[in-house]
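# Structural description and commentary
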Amino acid sequence: MPEALFPPTPRFIYDKSPLIEVVCQLRFPQILRIDAQPPAEFQDSIRHEFPLLERQSQQFPQLPAEFAQFLGARMGNAHLFLTEDRSATLSLASDAIGLTVNRYTRWEEFRDKFFGPLRSLVRIYAPAFFSRVGLRYSDLIDPQQLGMPTEKWSHLIRPSILGEIAETEFEDNLEALQHIVRFRFPDGSGSVLLQHGLAQAPGIDRAYKIDFDFFNDKKTEVNDAETVLNRFNRRAGDAFRWFITDKLHRALGPTEIPAVSASII
């Protein structure tokens, strides 16, 4: 399937999932009513899932750095609705709605958390269209946690994506590595920003971060947004499986999901 960019694979969930954050965001032409009056009706529609409320200024000082960057300063003030355990944050601003989670098991659960508020947004505020639809997955590979603390990165990550460090002499003396690549899908349905490289994390000696940001920054009709996100999820699973070697795949403890199930990463 040339339009897929990444070869389609079976769907898996991992017993030792490396996912550290998943972020979804939709931007739309600014709706002043969201800033002009408290979004009380919107809150009532989601309060059973997101009972906590905070209000953040443009700088988002209390949000994870990557989520704040993803939302962007252009959002201005935002209302933050959080789950009771604070593992998920829903953000509503005058030009965007987004969800970030730091605990993720499967797409169906994430989708249900976001599609309900999205439908409330459409019902209450009727955005004209979406100017950007994005879905982002961040993974952190910790070889020690997988029982292979000294394993070479070229045995865990697709060697062709590692470039020059797939050569033994380079990998044995590696101090830093960061790659940023942006692709468009051949069928014109969006793009993906891939960022990957060595990372530092508390209590982890060696780590490799893989960050896929799938997005469409062209006009998306309101009724098409859920379809676009479902497609991005399917592609995210294919992309991650393409990125890692069979050895890492097995070490993560995969369980294949039947084809009749919704896409899972």
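Bear in mind that the values here come from a model prediction, so they are computed numbers and not experimental data. (Residues numbered from 1 in each chain as written. Predicted model: local features only at pLDDT ≥ 70, side-chain atom pairs only at ≥ 80, totals over all residues. Heavy atoms only, no water.)

### A closer look at helix H4 (residues 107-125)
At 3.6 residues per turn, the α-helix brings residues three or four places apart onto the same side. Look at H4: 26 Å from first C-alpha to last across 19 residues, which is about the 27 Å you get at 1.5 Å a residue. Taken together, the buried positions of H4 are Trp107, Glu108, Phe110, Arg111, Phe114, Phe115, Pro117, Leu118, Ser120, Leu121, Ile124 and Tyr125. (Helix = DSSP H or I, 4+ residues; strand = E, 2+ residues; numbered from the N terminus. Expected span 1.5 Å × (residues − 1). Buried < 20%, exposed > 50% of the residue type's maximum accessible area, 1.4 Å probe, protein only.)

### Focus on the nonpolar core
Within the largest apolar cluster, 64 residues are counted, with the highest numbers of intra-cluster contacts made by Leu26, Phe42, Phe114, Leu121, Ile210 and Phe243. Examining the composition of this core, we find that nine residues originate from one element, helix H7 (residues 225-243), more than from any other. The contacts of Phe114, once residues within four sequence positions are left out, are Cys24, Leu26, Leu90, Ile97, Gly98, Leu99 and Leu229. (Core = buried A, V, L, I, M, F, W, Y, C linked by side-chain atoms within 4.5 Å. Contact = heavy atoms within 4.5 Å.)

### Description of the layout of surface pockets
The calculated volume of the largest pocket comes to roughly 280 Å³. Lining the largest pocket are 16 residues, and of these Trp153, Leu174, Leu198, Asp205 and Arg206 sit closest to its centre. Counting only elements with at least two residues in the lining of the largest pocket, the list comes to strand S9 (191-201) and strand S10 (204-216). A breakdown of the residues in the lining of the largest pocket according to their chemical character gives seven nonpolar, two polar and seven charged. (1 Å grid on protein atoms, 1.4 Å probe; cavity = no way out; pocket = protein on both sides within 12 Å on 5 of 7 lines; lining within 4 Å. Points joined across faces, edges and corners; volume = space filled by probe spheres on them. Nonpolar A, V, L, I, M, F, W, Y, C, P; charged D, E, K, R; others polar.)

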